[in-house]
Amino acid sequence: MYEHLEYYGVSKKVIEAMNIVDRKLFVPEEYVDSAYIDTPLPIGYGQTISAPHMIGMMCEYLQLKVGDKVLEIGTGSGYNAAVMSVLVGESGWIYTIERIPQLAQSALERLKKLEIKNVTVITGDGKEGLIEYAPFDKITVTCYAKRIPEKLTQQLKNLGIMIIPIGDEFVQILTKITKINDELKIEKLSYVKFVPMQ
């Protein structure tokens, strides 16, 4: 279904994971007919589920491996966490933080219903990260920040990767940060459009 994502540089491995997780189950009922269109969709509370190509690209840039421990900032519907859970396998784990309790609860129920067992959903402030489970192999942020959040880079392992949109309401650049011996290697990837980090 998502074979066209190869055009965006998304690997077969990531596309297979996206084909396993049915996006239709993660969108509100009124958008079910649009679930497979490559576009963001509203999920309530001013939030969206990202377009499939964006999910694919972010997973690709993260270089997810079996056994990775991943922190996601912004659970939303839980779709991205579900896709990543397939990529990290049973030996990996996804910790995902959502500030809106209703979204966190519905994501949790969805993941439980789908019997996805390697995802922990937490209601809280994503800016703070999750120090009690740090350090993480990978961190993915699904909302834009005006600058690189230091608290999050501190929770990255050595050689860990963080993908985050950096910018303002007008211009945001998807940014890849690799932590190498406490130094940050920063790569600008592409222009994107995300909701703000609150």
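A quick note: this is a predicted structure, and the numbers were derived from the prediction, not measured.

Participant: Give a detailed account of the pairing of strand S3 (residues 69–73), specifying residues and quantitative values.
Facilitator: Regular strands show a simple pattern: their side chains alternate between the two faces of the sheet. Summarising burial for S3: four of the five residues are buried, a large majority. Crossover handedness for the path S3 to helix H3 (residues 79–88) to strand S4 (residues 93–98): right-handed.

Participant: Quick rundown of a nonpolar patch on the surface? Include the residues and the values.
Facilitator: Together, Phe170, Val171 and Tyr191 give the surface a local cluster of nonpolar side chains, amounting to about 410 Å² of exposed area. Locating Val171 in the fold gives a position in the loop between strand S7 (156–167) and strand S8 (172–180).

Participant: Break down the sheet that holds strand S9 (residues 183–192) for me, citing the residues and quoting the values.
Facilitator: Sheet strands pair by backbone hydrogen bonding; their relative direction is either parallel or antiparallel. Strand order in the open sheet formed by seven strands is S5-S4-S3-S6-S7-S8-S9, and the pairing between neighbours is mixed. The open sheet is flanked by strand S5 (119–123) and S9, the only strands paired with a single partner. With direction set aside, neighbouring strand axes in the sheet form an average angle of 15 degrees. Of the pairings in the sheet, the one linking S3 to S4 comprises five bridges and is parallel in character. From the neighbouring strand, Glu72 faces S4, where its bridge partner is Thr96. Contacting S4 and S5, helix H4 (residues 101–113) crosses the sheet at an angle of about 165 degrees to S5.

Basis of the calculations
Positions within a chain are numbered from 1, following the residues in the order the chain's sequence is written. Local features are withheld for residues below a pLDDT of 70 in this predicted model, meaning they are given only at 70 or higher, and side-chain atom pairs are given and counted only at 80 or more; totals for whole chains, interfaces and linings count all residues. By convention in this description, side-chain values take in all heavy atoms of the structure and omit both hydrogens and water. Under the scheme applied here, a residue whose accessible area is under 20% of the maximum for its type counts as buried, over 50% as exposed, and between as partly exposed, the area being computed with a 1.4 Å probe on protein chains only. Secondary structure counts use DSSP, requiring at least four H or I residues in a row for a helix and at least two E residues in a row for a strand, with both numbered from the N terminus. For a crossover, the right-handed case is the one in which the path from the first strand over the helix to the second runs clockwise, viewed with the strands pointing away from the viewer. Like-charged residues within 9 Å of one another, or nonpolar side chains (Val, Leu, Ile, Met, Phe, Trp, Tyr) within 5 Å, are grouped into patches, provided each residue has over 30% relative accessible area and no salt bridge. Note on areas: these come from Shrake-Rupley sampling with a 1.4 Å probe, and a residue is covered only by the protein chains present in the view. Salt bridge, as used here: a side-chain nitrogen of Lys or Arg that lies within 4 Å of a carboxyl oxygen of Asp or Glu. Being paired, for any two strands, means DSSP has found at least two bridges between them. Convention adopted: a line fitted to C-alpha atoms gives each axis, helices being fitted over their contacting stretch, and angles between N-to-C directions are expressed from 0 to 180 degrees. Contacts are assigned to residue pairs that have any heavy atoms within 4.5 Å of one another.

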